[in-house]
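Working through the structure, step by step
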Amino acid sequence: MAFLRAEDAVGGKQAKAFATINGRVEELFYAKSIEATIEKNKADVPVLGRTNVGKKAAGWTGSGTLTIYYITSLFRQLMIDYVKTGRDFYFDLQIVNEDPASGVGKQTIVLKGCNLDSVTAASFDITSDDPLEEEMPFTFEDIDMLDQFSRPVTG
């Protein structure tokens, strides 16, 4: 029987993330977490003679959440520019997962055409000793995988 080697589980603390905004690459060293999801859109397909309704894939939607420490005005300023001018902004996010303790190598994903849904306009919290952070939900229009994990070796 094959078993996963515990050391091959990928930890996220050594990940890297970059945003390419207006041709400029911004390392997101202040990011706390990123999670992006691809969800299929499905159409109902009623079938004669069956009591259930079948489903057919009819596209997809990409969405995610970028959580950062509240130490940059970059995204706030981009959103303010949108508020003032009506010109929206799109950017690419590159996420690199590479845990040197794992034998599976690295995975690099590029989320293309990212567009923020909301940003925190201003924030403070005197009831907590924790650093301020903000969650920024977003959508994306395309995705590429530049590097992929190798197959785990069984233990």
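Residues numbered from 1 in each chain as written. Predicted model: local features only at pLDDT ≥ 70, side-chain atom pairs only at ≥ 80, totals over all residues. Heavy atoms only, no water.

Looking now at the overall build of the protein chain. Check the secondary structure of the protein chain and you find one helix and eight strands. Helices and strands appear in the protein chain in the N-to-C order β-β-β-β-α-β-β-β-β. On C-alpha atoms alone, the protein chain measures out to a radius of gyration of 20 Å, which is more than a quarter above the 15 Å that the 2.2 N^0.38 rule sets for 155 residues. With respect to the three principal axes, the spread of C-alpha positions in the protein chain is 55 × 50 × 40 Å. Across the protein chain, the fraction of contacts at a sequence separation of at least 24, relative to all contacts at a separation of at least 6, is 66%. As displayed, the protein chain offers around 10,600 Å² of accessible surface, 51% of which is attributable to carbon and sulfur atoms. In the protein chain, 16 positive and 23 negative side-chain charges are present, and the distance between their average locations comes to 7 Å. (Helix = DSSP H or I, 4+ residues; strand = E, 2+ residues; numbered from the N terminus. Rg over C-alpha atoms; globule rule 2.2 N^0.38 Å. Contact = heavy atoms within 4.5 Å. Areas by Shrake-Rupley, 256 points an atom, 1.4 Å probe, with all protein chains shown as cover. Lys, Arg positive; Asp, Glu negative; His and termini not counted. Charge placed at Lys NZ, Arg CZ, Asp CG, Glu CD.)

With that out of the way, let us pick up the pattern of salt bridges. Taken as a whole, this structure holds eight salt bridges when the rule is applied. Close ionic contact of Glu134 with Arg76 constitutes a salt bridge, the shortest N to O distance being 3.0 Å. Here Glu134 is found in strand β7 (residues 133-140), whereas its partner Arg76 is found in helix α1 (residues 74-85), with 58 residues between them in sequence. For the pair Glu134 and Arg76, one class covers both residues: buried. (Salt bridge = Lys/Arg side-chain N within 4 Å of Asp/Glu carboxyl O. Buried < 20%, exposed > 50% of the residue type's maximum accessible area, 1.4 Å probe, protein only.)

Let us look at the side chain of Asp8. Inspection of the secondary structure puts Asp8 in the segment before β1 (16-21). Using a relative accessible area of 4% as the deciding quantity, one classes Asp8 as buried. Beyond its immediate stretch of four places on either side in the chain, Asp8 contacts Ser102, Gly103, Val104 and Val153.

This part covers the side chain of Thr67. Structurally, Thr67 is set in strand β4 (residues 53-69). Leaving out residues up to four positions away in the same chain, Thr67 has contacts with Ala31, Lys32, Ser33, Glu133, Glu134 and Glu135.

The subject of this paragraph is the pairing of β4. Of the strand pairs in this sheet, strand β3 (residues 31-46) and β4 are connected by 14 bridges, and their pairing is antiparallel. Residue pairing across strands places Ala43 opposite Lys56, the latter belonging to β4. Here β3 folds back onto β4 in antiparallel fashion, the turn holding six residues, of which Gly49 has a positive phi close to 90°. Where β4 lies against β7, eight bridges are found, and the strand directions are antiparallel. Bridge pairing in β7 links Thr67 to Glu135. (Pairing = 2+ DSSP bridges.)

The α-helix winds at 3.6 residues per turn, so residues separated by three or four positions along the chain end up facing the same way. Taking 1.5 Å of rise per residue, the twelve residues of α1 would be expected to cover 16 Å, and the 16 Å separating its terminal C-alpha atoms lies within 8% of that figure. Where α1 is buried, its residues touch β1, β2 (24-27), β4, β5 (91-98), β6 (106-116) and β7. Note on α1: the residue one or two positions beyond its end, Gly86, has a positive phi of about 80°. (Expected span 1.5 Å × (residues − 1).)

Relative to the elements of secondary structure, Lys112 occurs in strand β6. Lys112 sits 44 residues away from Ile68 along the chain, and the two C-alpha atoms are 19 Å apart. Ignoring any residue separated from it by four or fewer positions in sequence, one finds Lys112 in contact with Phe91, Asp92, Phe140, Glu141, Asp142 and Asp144. Side chain to side chain, Lys112 and Asp144 meet in a polar contact 2.6 Å long. (Polar contact = N/O pair within 3.5 Å; in protein donor to acceptor, adjacent residues only side chain to side chain.)

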